[in-house]
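The chain contents come next:
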Amino acid sequence: SWTANFLKLMDKLPGDDYEPHPDLVRALDVVFILHCDHELNCSTAAVRHVASAGTDPFSSLAAGMAALYGPLHGGANEAVLRMLEEIGSVDNVPRFLQDVKTRKRKLMGFGELTCVTPVS
């Protein structure tokens, strides 16, 4: 797959027959799909702008990944990971969701702020 080849090229060393683990390939496939199918956000725009200059796919994706490094874009993914660490185990999910419903905690990773001022 394209993702497996991408991972292989990222870790290519002379004389090394590196083959990425299938689980890693599948996980990165899902990440790429989710990021590609997410409106025209910062990282998607970066990939499209760089690709429009005729650059190779690797450079274009690197631009998108660089955009994800910013705390106002990719930082949301980090917040989801922190939230999952805070929840800890499946047993804690009902209590966490109750806290979300009572607005004591935020549920990260669902929805995106697209309008910060009310529209009348």
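Residues numbered from 1 in each chain as written. Predicted model: local features only at pLDDT ≥ 70, side-chain atom pairs only at ≥ 80, totals over all residues. Heavy atoms only, no water.

**Structural notes on the nonpolar core**
Applied cut-off: The nonpolar core is taken to be a set of buried Ala, Val, Leu, Ile, Met, Phe, Trp, Tyr and Cys residues, with the residues joined through side-chain atoms within 4.5 Å. Exposure categories follow from relative accessible area, calculated using a 1.4 Å probe and restricted to protein chains: below 20% of the type maximum is buried, above 50% is exposed, and the middle band is partly exposed. Counting from the N terminus, the helices are the DSSP runs of H or I reaching at least four residues and the strands are the DSSP runs of E reaching at least two. Any two residues having at least one pair of non-hydrogen atoms within 4.5 Å are treated as being in contact.
Counting five residues, the largest nonpolar core consists of Phe-6, Leu-7, Val-25, Leu-28 and Phe-32. Counting only elements with at least two residues in this core, the list comes to helix 1 (2-10) and helix 2 (22-36). Broken down by element, this core gets its largest block of residues, three residues, from helix 2. Look past the residues within four positions of Val-25 in its chain and what remains in contact with it is Ser-1, Thr-3, Ala-4, Leu-7 and Pro-20.

**Quick word on the pattern of salt bridges**
Quick note on the threshold: The salt bridge definition used is simple: a Lys or Arg side-chain nitrogen within 4 Å of an Asp or Glu carboxyl oxygen.
Under the counting rule described, the total for this entry stands at three salt bridges. Of the charged contacts in the structure, one is a salt bridge between Glu-86 and Arg-105, with a shortest N-O distance of 2.9 Å. Within this pair, whereas Glu-86 is found in helix 5 (residues 75-87), its partner Arg-105 is found in the segment after helix 6 (93-101), the two being separated by 19 residues in sequence. On the basis of relative accessibility, which here comes to 34%, the residue Arg-105 falls in the partly exposed class. For Arg-105, the salt bridge is made with Asp-99, and the minimal N-O distance between the two is 3.7 Å.

**Points about the packing of helix 3 (residues 42-51) against helix 4 (residues 57-68)**
Formally: In this analysis, axes come from line fits to C-alpha atoms, helices being fitted only over the stretch in contact, and the angle between any two N-to-C directions falls in the range 0 to 180 degrees. Geometric relationships in this document are graded by angle, where less than 35 degrees denotes roughly parallel, more than 145 denotes roughly antiparallel, 65 to 115 denotes roughly perpendicular, and other angles denote oblique. In this scheme, a crossing is called left-handed if the near helix is turned counterclockwise away from the far one by less than a right angle; it is called right-handed if the turn is clockwise. Residues are sorted three ways: Asp, Glu, Lys and Arg are charged, Ala, Val, Leu, Ile, Met, Phe, Trp, Tyr, Cys and Pro are nonpolar, and all the rest, Gly among them, are polar.
In the contact formed by helix 3 and helix 4, the axes pass within 8 Å of each other and the chain directions differ by 150°. As summarised for this structure, helix 3 and helix 4 are arranged roughly antiparallel, according to the angle between their axes. In this structure, helix 3 crosses over helix 4, and the sense of that crossing is right-handed. Contacts from Cys-42, Ser-43, Ala-46, Val-47, Val-50 and Ala-51 of helix 3 reach helix 4 at Ser-59, Ser-60, Leu-61, Ala-63, Gly-64, Ala-67 and Leu-68. Among the residues forming the contact of helix 3 with helix 4, the class breakdown is nine nonpolar, four polar and no charged.

**What about unusual backbone geometry?**
Trans is the prevailing form of peptide bonds, just as negative phi is the prevailing case for residues other than glycine. For Arg-103, which is not glycine, the phi dihedral falls at a positive 65°. For Arg-103, the location among the structural elements is in the segment after helix 6.

**As for the packing of aromatic side chains**
We apply this condition: For Phe, Tyr and Trp, rings pair up if their centres lie within 6.5 Å, where Trp contributes its six-membered ring, and each pair is then called stacked (planes under 30 degrees apart), edge-to-face (over 60) or tilted (otherwise).
Counted by the stated rule, this structure contains five aromatic pairs. A ring pair is formed by Trp-2 and Phe-32, whose centres lie 6.3 Å apart and whose planes are at 70°; its orientation type is edge-to-face. In this pair, Trp-2 is assigned in helix 1 and Phe-32 in helix 2, connecting sequence segments 30 residues apart. Using a relative accessible area of 39% as the deciding quantity, one classes Trp-2 as partly exposed. Overall, the relative accessible area of 15% leaves Phe-32 in the buried class.

On their own, these measurements won't tell you what the molecule is for.
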